[in-house]
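Analysis of the macromolecular model
The primary structure of each chain is shown beneath.
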Amino acid sequence: MLISCPHCGPRDLAEFTYQGDAARTRPDPASTDTAAWHAYVYERPNPAGLHREYWQHSGGCRSHLLVVRDTVSHEIVSAEFARKAREKTG
Ligand SMILES: [Zn+2]
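The paragraphs below set out a description of the structure included in this document. Each chain carries its own residue numbering, running from 1 in the written order of its sequence. For this predicted model, a pLDDT threshold of at least 70 governs which residues receive local features, and a threshold of 80 or more governs which side-chain atom pairs are given and counted, while totals over whole chains, interfaces and linings are taken from all residues. Each side-chain value is derived from all of the structure's non-hydrogen atoms; neither hydrogens nor water enter the calculation.

**Describing unusual backbone geometry**
Condition: Here a helix means four or more residues in a row that DSSP labels H or I, a strand means two or more in a row labelled E, and each is numbered from the N terminus. Three exposure classes are used, based on accessible area relative to the maximum for each residue type with a 1.4 Å probe and protein chains only: buried under 20%, partly exposed in between, and exposed over 50%.
Despite not being glycine, Arg-62 shows a phi value in the positive range, around 70°. On the secondary structure map, Arg-62 appears in the loop between strand 4 (50–56) and strand 5 (64–70). If you check the backbone angles, His-74 has positive phi at about 65° while not being a glycine. With respect to the helices, strands and loops of the structure, His-74 is situated in the loop between strand 5 and strand 6 (76–81). His-74 sits in the partly exposed class, given a relative accessible area of 43%.

What follows is the structure, given as structure tokens:
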């Protein structure tokens, strides 16, 4: 599987480190809603289809990326710098 790093170009998966699910939203740090914190810390969806994930190009430029991957076919639909993706969504 190849991930196309926006800085380095297409690279083998072995150069990347999975950083986690990019679809989760962290509760307000001041929140005492234990159910929301429990869900954030322990519950992991297992979607079939497109999934937003954080990856780091740890064996290359060390950039953090937002990757959209199809969990059924493992096709990489897109990869962009995580910071730029976050700026677009606010
Ligand atoms: Zn890179």
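**As for the coordination of the zinc ion**
Octahedral six-donor coordination of a metal ideally yields angles of 90 or 180 degrees, compared with 109.5 degrees for tetrahedral four-donor coordination. The following threshold applies: Distances decide who is a donor: an N, O or S atom must be within 2.8 Å of the metal, or within 3.2 Å for Na, K and Ca. Water is not included, so sites may look incomplete. Four donors are marked tetrahedral only if all angles between them lie between 85 and 135 degrees, whereas four are marked square planar and six octahedral if opposite donors are more than 155 degrees apart and the other angles lie between 65 and 115; the remainder are marked irregular.
Within the protein, the atoms that donate to the zinc ion are Cys-5 (SG), Cys-8 (SG), His-57 (ND1) and Cys-61 (SG), at distances of 2.1 to 2.4 Å. Its four donor atoms give the zinc ion angles of 103 to 119° at the centre, a pattern that matches the tetrahedral case. Between consecutive donors of the zinc ion, the numbers of intervening residues give the motif C-x2-C-x48-H-x3-C. Classification of Cys-61 by relative accessible area gives partly exposed; the value is 26%.

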